[in-house]
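Analysis of the macromolecular model
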Number of protein chains: 2
Amino acid sequence: MDLVVDGLEILSPAECWELAKTERVGRVGVCMGALPAIFPVNYAVDDDAVVFSTGPGTKLRAAATNAVIAFEIDHADSATETGWSVLMVGRCEETDHATTSGVVEVPRPWADGDRDHLLRLSCEFMSGRRIAERSEDGR
Amino acid sequence: MDLVVDGLEILSPAECWELAKTERVGRVGVCMGALPAIFPVNYAVDDDAVVFSTGPGTKLRAAATNAVIAFEIDHADSATETGWSVLMVGRCEETDHATTSGVVEVPRPWADGDRDHLLRLSCEFMSGRRIAERSEDGR
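Remember, it's a predicted structure, so these values are computed and weren't measured experimentally. (Residues numbered from 1 in each chain as written. Chains lettered and ligands numbered in written order. Predicted model: local features only at pLDDT ≥ 70, side-chain atom pairs only at ≥ 80, totals over all residues. Heavy atoms only, no water.)

1. Some details on the overall build of chain A
Counting its secondary structure elements, chain A contains 2 helices and 8 strands. Mapped in sequence order, the helices and strands of chain A form the string β-β-α-β-β-β-α-β-β-β. With 139 residues in all, chain A has 50% of them scored as buried. Taking all contacts inside chain A whose residues are at least 6 apart in sequence as the whole, residues at least 24 apart take part in 66%. Accessible surface for chain A amounts to roughly 6,900 Å². Of this, 51% is attributable to carbon and sulfur atoms. (Helix = DSSP H or I, 4+ residues; strand = E, 2+ residues; numbered from the N terminus. Buried < 20%, exposed > 50% of the residue type's maximum accessible area, 1.4 Å probe, protein only. Contact = heavy atoms within 4.5 Å. Areas by Shrake-Rupley, 256 points an atom, 1.4 Å probe, with all protein chains shown as cover.)

2. Remarks on the relation of the copies chain A and chain B
You can overlay chain A on chain B at an RMSD of 0.0 Å; the transform is a turn of 180° with a shift of 0.0 Å along its axis. Within this description, the copies of the chain are treated as partners about a two-fold rotation axis. Most of the interface of chain A is mirrored in chain B, where 100% of its interface residues again form contacts. (Least-squares fit on C-alpha atoms with pLDDT ≥ 70 in both.)

3. A closer look at the nonpolar core
Counting 63 residues, the largest nonpolar core has Phe52(A), Phe71(A), Met88(A), Phe52(B), Phe71(B) and Met88(B) as the members making the most contacts within it. Leave out the neighbours within four places in its chain, and Phe52(B) touches Val28(B), Val41(B), Asn42(B), Tyr43(B), Leu60(B), Ile69(B), Phe71(B), Cys92(B), Pro107(B), His117(B), Leu118(B) and Leu119(B). (Core = buried A, V, L, I, M, F, W, Y, C linked by side-chain atoms within 4.5 Å.)

4. Some thoughts on helix α1 (residues 13-20) of chain A
Residues and elements named next belong to chain A. Among all positions in α1, only Cys16, Trp17, Leu19 and Ala20 are buried. An end-on view of α1 places all buried positions within 165° of arc, on one side of the element. On its buried face, α1 sits against β2 (8-11), β4 (35-46), β5 (49-54), β6 (67-77), β7 (82-95) and β8 (117-131). (Arc of directions from axis to C-beta.)

5. Section: the state of the cysteines
Overall, the coordinates contain 1 disulfide over all chains when judged by the stated rule. Between the sulfur of Cys31(A) and that of Cys31(B) lies a disulfide, 2.2 Å long from S to S. Measuring the twist about the S-S bond at about -130°, one finds the Cys31(A)-Cys31(B) disulfide to be left-handed. Of this pair, Cys31(A) sits in strand β3 (residues 25-32) while Cys31(B) sits in strand β3 (residues 25-32), which puts the two residues in different chains. In this structure Cys16(A) is not part of a disulfide, and its nearest cysteine sulfur, from Cys123(A), lies 8.4 Å away. Among the cysteines around Cys92(A), which has no disulfide bond, Cys123(A) carries the closest sulfur, lying 12 Å off. (Disulfide = S-S within 2.5 Å.)

6. Things to note about the pairing of strand β2 (residues 8-11) of chain B
Residues and elements named next belong to chain B. Here 2 bridges tie strand β1 (residues 4-5) to β2, and the two strands are oriented antiparallel to one another. Each bridged residue has a counterpart across the sheet, and for Val5 the counterpart in β2 is Leu8. Connecting β1 to the next strand, β2, in antiparallel fashion are 2 residues, including Asp6 with a positive phi near 50°. In the sheet, β2 pairs with strand β8 (residues 117-131) via 4 bridges, with the strands oriented antiparallel. Opposite Ile10, over in β8, you have Arg129 as the bridge partner. (Pairing = 2+ DSSP bridges.)

7. Thoughts on the packing of aromatic side chains
The description of two aromatic rings rests on the distance between their centres and on the angle between their planes. All names here are of chain A. Considering all chains together, one arrives at 4 aromatic pairs over all chains under this definition. Each ring, one from Phe52 and one from Phe71, has its centre 6.0 Å from the other, and the planes form 25°; the classification is stacked. Highlighted residues: Phe52 in strand β5 and Phe71 in strand β6, separated in sequence by 19 residues. Each member of the pair, Phe52 as well as Phe71, is classed as buried. Ring-pair connections join several aromatic residues into one group, and the members of that group are Tyr43, Phe52 and Phe71. (Phe/Tyr/Trp six-rings, centres within 6.5 Å; stacked < 30°, edge-to-face > 60°.)

8. Thoughts on the side chain of Glu9(A)
Relative to the assigned elements, Glu9(A) resides in strand β2. Those residues in contact with Glu9(A) that sit more than four places away from it in its chain are Asp2(A), Leu3(A), Val4(A), Glu15(A), Gly128(A), Arg129(A), Arg130(A) and Ala132(A).

9. Digging into the pattern of salt bridges
Oppositely charged side chains may form a pair once their charged atoms are brought near each other. This structure, assessed with the given rule, holds 18 salt bridges over all chains. The closest approach of N and O atoms between Glu72(A) and Arg27(A), which form a salt bridge, is 3.4 Å. Taken as a pair, Glu72(A) in strand β6 and Arg27(A) in strand β3 lie far apart in primary sequence, 45 residues in all. You'll find Glu72(A) and Arg27(A) in the same group, each marked buried. Through salt bridges with shared partners, a single ionic network connects Arg27(A), Glu72(A), Asp74(A), Arg27(B), Glu72(B) and Asp74(B). (Salt bridge = Lys/Arg side-chain N within 4 Å of Asp/Glu carboxyl O.)

Next comes the structure, spelled out in structure tokens:
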């Protein structure tokens, strides 16, 4: 039986990874000084890591390289008011195409511009939630 | 003429607010200690602020109340590989339904459970990007 807390079903790491493979856009959360910031990126799952691209001089690259970052992926369905989210936290390092052999397809940014620097998040903490179906009384 | 940097069109604050009103799910970014975390929430736009609900004992509420948070909203279209994102940063405070008179409809969480605490982000910094149409050579 699935664990449900406050209407949210707690997902296992295996379920989180399966869901992570179904989306293409995630969000990187970083602390720049004491201030938080969030950047959307295209990503791919490579074994127990997430790989995404940045440009050479971006704020994202400066903030994320060799830092602990949060990576969030979610899916929301407005019609049914259901959805899920996965949060990973871990250290992020620059990598290259040669070492991401497990990636079927390295994520290609949708926007133009130089974004040929790959960053790899080694997931050290992971949690996931899915909105549980509402009970019959509508609560 | 719109400013385009590295394939991303820079959006004005007015454009950001218009886009923010078109979505229902955003992501709160907080720094908990030195560690970043991201929580998806339902939200509504209330004048120059964003309002969202949390439960009484949530990590989100503890991390966001009286703190500077990031709030990110985005829209991605996988078919056309286009999209936009808006990032707000500002201080977040607990509020109540009476003071959010500008909100047409206070955001109702999709999940069951007690999430009757409203938080209000006063946006002090805002930036937005839209993926520009690719030029004809495909780059």
